[in-house]
Amino acid sequence: MMNEFDHELTQRLDGIRQQGLLRELRRVDSPQSPRIEIGNRTLLNFSSNDYLGLANEPTLKEAAIRAVERYGAGAGGSRLICGSLAPHQELDETLAAFKGTEAAISFSTGYAAAMGAIGALLGKDDFLILDKLVHACIVDAARLCGAKLRVFGHNDLNDLEAKLKWAAERVQGPKSGVQSRKARTLVVTESVFSMDGDHAPLREMVELKEQYGAWLMVDEAHATGLYGAHRRGLAEELGVSHRIEVQMGTLGKALGASGGYICGSRALINYLINRARTFIFSTAPVPAAAAAATAGVRFVESSAGEERRNKLWRNVPTLPSTISAQLSTSRSAIIPILIGEEDKAVEAATALREQGIFIPAIRYPTVARGQARLRLTLSATHTDADLSQLITALKALDFRL
Ligand SMILES: *Cc1c(COP(=O)(O)O)cnc(C)c1O
């Protein structure tokens, strides 16, 4: 007999299933690479954020192994207590040098970086302005920090300006007298959007936030390692890095390891060390994770990193635009194939798996309802033969029903 608790949860799960939204874990028995093993089958993998193929790169693995041998398996505490091990310090220094900022601080995940930074910078008297499509960790941070929130239409500069005006009118309004500092406005966007692969108009956004005296935070999760002369991200490519107060990114995507980071001024980083709760009240990542991430950054900085990046950009245009009617014009390793109905997206993903291709169906709440899609991602390590196999399989399915 099922108890009441489990009975209720089972009913809730049935509701999720009926909407075509049930998610289940799929065990993978191989490292991340163009081929992965799932359920005793080898599938061509077009699902990973490992854009440069670093997750299984020997130099990263060796760095992790050396860190385990030298510093052990666990960190033993938060970094402010006793866990700020040499590999963490080295990672922070390497990140700052890579991004060309005064300082950097790493977090155990990108999720924790967003929660920590936004929660530290804003309180309930402040104003937060988000692009409609920012990642869940930014949405959750917004809720938690309690700032007055406005969402602007995706990449819509006119709407952003309207929201900046809304905040500016209130920031300059009469003070209640209880607040000890000036109210602030923070705008947050991704640079390359995780589910659509399109780019934020960062130059124009920087102009606007300066005009209205707001701060800007840019999440480069899907751009770090891929864009700009030094592969620092889209802000570098657009020449606006030095005008962005808070530069965020992840270490688990193109950088091949795991974790998140914030880069910026020394003052910002010192402030986060004192105020970012996800940093202060959380055990430091295992030394192996920090060492692998440092090796990932060094790889990206090297000429081998440049070659990988160039190989990725050679792979992208080999996909014919007929495969995806809404294929964005922005250069991106993320290629959404919009399907719409949740069930249909799952069916398409299943049909592709039968043909040996792994591309996940992405559904609500990751994307809006009725916006279900296949999220195809390319890696520098896909070969021409892999791409031909992909195109054949995609053509066999008629997406534009
Ligand atoms: C993946 C992702 C994050 C979260 O990073 P994790 O290290 O996976 O926690 C944050 N922002 C964006 C845009 C992401 O895609």
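Structure's up top.
My aim in this report is to walk through the structure given alongside it, one point at a time.

Some words on the sheet that holds strand S11 (residues 357–358)
The three strands are arranged S1-S2-S11 in an open sheet whose pairing can be described as mixed. Of all the strands in the sheet, just strand S1 (35–38) and S11 have a single pairing partner and so form its edges.

Remarks on empty space enclosed by the protein
Across all of its chains, the model carries three cavities of 30 Å³ or more by this definition. The volume enclosed by the largest cavity comes to roughly 100 Å³. Ser 33, Asn 45, Ser 48, Asp 50 and Ser 379 are the residues nearest the centre of the largest cavity, which is lined by 15 residues in total. Residue composition of the lining of the largest cavity, by class: four nonpolar, 10 polar and one charged. Empty space within the second largest cavity amounts to approximately 60 Å³. Taken together, Arg 79, Ser 106, Phe 107, Ser 108, Thr 278, Phe 279, Ser 282, Thr 283, Ala 284 and Pro 285 make up the lining of the second largest cavity. Looking at the lining of the second largest cavity, the elements that each hand over two or more residues are strand S3 (103–107) and helix H11 (277–280).

Examining helix H14 (residues 342–354)
Taking 1.5 Å of rise per residue, 13 residues should cover 18 Å, and H14 covers 19 Å from first to last C-alpha, within 8% of that figure. Those residues of H14 that sit buried are Glu 342, Ala 345, Ala 348, Ala 349, Leu 352 and Arg 353. Buried residues in H14, looked at end-on, bunch into an arc of 140°, giving them a common side. Opposite the packed face of H14, turned more than 90 degrees from it, sit the exposed residues Glu 347 and Glu 354. Buried residues belonging to H14 abut strand S2 (41–45), strand S10 (334–340), S11, strand S12 (361–362), strand S13 (372–377) and helix H15 (384–396). Directly beyond the C-terminal end of H14, a positive phi value near 85° is found at Gly 356.

Description of the nonpolar core
Of all hydrophobic cores here, the largest spans 78 residues; its most connected members are Phe 46, Val 187, Ile 359, Leu 376, Leu 378 and Leu 390. Considering every element that reaches this core, the biggest residue donor is helix H12 (residues 287–301), with seven residues. Two domains each put at least three residues into this core: domain 1 (21–51 + 306–396) and domain 2 (58–301).

As for unusual backbone geometry
Here the amide bond leading from Tyr 364 into Pro 365 is cis, since omega sits at 5°, within 30 degrees of zero. Looking at the secondary structure, you find Pro 365 in the loop between S12 and S13. Its identity is not glycine, yet Arg 231 carries a phi of approximately 60°, on the positive side. Mapped onto the elements, Arg 231 comes out in the loop between strand S7 (215–219) and helix H9 (234–237).

A few points about the site of the ligand
The immediate surroundings of the ligand are formed by 14 residues, with Gly 110, Tyr 111, Asp 219, His 222 and Lys 253 found nearest. Between His 222 and the ligand, the recorded distance is 2.5 Å, taken from a side-chain N or O atom to an oxygen atom. Here an oxygen atom of the ligand sits 2.6 Å away from a polar atom, N or O, in the side chain of Lys 253. Summarising the interface, the protein chains cover 82% of the accessible area of the ligand, which totals 380 Å² for the free molecule. Contributing elements (two or more residues each) for the shell around the ligand: helix H5 (110–121) and strand S8 (246–250).

Let's talk about the pairing of S3
By the criterion of burial, S3 is predominantly enclosed, with five of the five residues buried. Alternating residues of S3 divide into Ala 103, Ile 105 and Phe 107 and Ala 104 and Ser 106, and every residue in both groups is buried. Of the strand pairs in this sheet, S3 and strand S9 (residues 260–264) are connected by five bridges, and their pairing is antiparallel. From the neighbouring strand, Ala 103 faces S9, where its bridge partner is Gly 264.

Topic: the environment of Ile 118
Assignment of secondary structure puts Ile 118 in helix H5. Its relative accessible area of 0% is what places Ile 118 among the buried residues. Between the C-alpha atoms of Ile 118 and Ala 142, which are 24 residues apart in sequence, the distance is 7.3 Å. Beyond its immediate stretch of four places on either side in the chain, Ile 118 contacts Leu 128, Ile 138, Ala 141, Cys 145, Leu 186, Val 188 and Met 217.

Reading the values: rules and limits
- Residues numbered from 1 in each chain as written.
- Predicted model: local features only at pLDDT ≥ 70, side-chain atom pairs only at ≥ 80, totals over all residues.
- Heavy atoms only, no water.
- Pairing = 2+ DSSP bridges.
- Helix = DSSP H or I, 4+ residues; strand = E, 2+ residues; numbered from the N terminus.
- 1 Å grid on protein atoms, 1.4 Å probe; cavity = no way out; pocket = protein on both sides within 12 Å on 5 of 7 lines; lining within 4 Å.
- Points joined across faces, edges and corners; volume = space filled by probe spheres on them.
- Nonpolar A, V, L, I, M, F, W, Y, C, P; charged D, E, K, R; others polar.
- Expected span 1.5 Å × (residues − 1).
- Buried < 20%, exposed > 50% of the residue type's maximum accessible area, 1.4 Å probe, protein only.
- Arc of directions from axis to C-beta.
- Contact = heavy atoms within 4.5 Å.
- Core = buried A, V, L, I, M, F, W, Y, C linked by side-chain atoms within 4.5 Å.
- Domains from an automatic or database assignment.
- Near = heavy atom within 4 Å.
- Polar contact = N/O pair within 3.5 Å; in protein donor to acceptor, adjacent residues only side chain to side chain.
- Areas by Shrake-Rupley, 256 points an atom, 1.4 Å probe, with all protein chains shown as cover.

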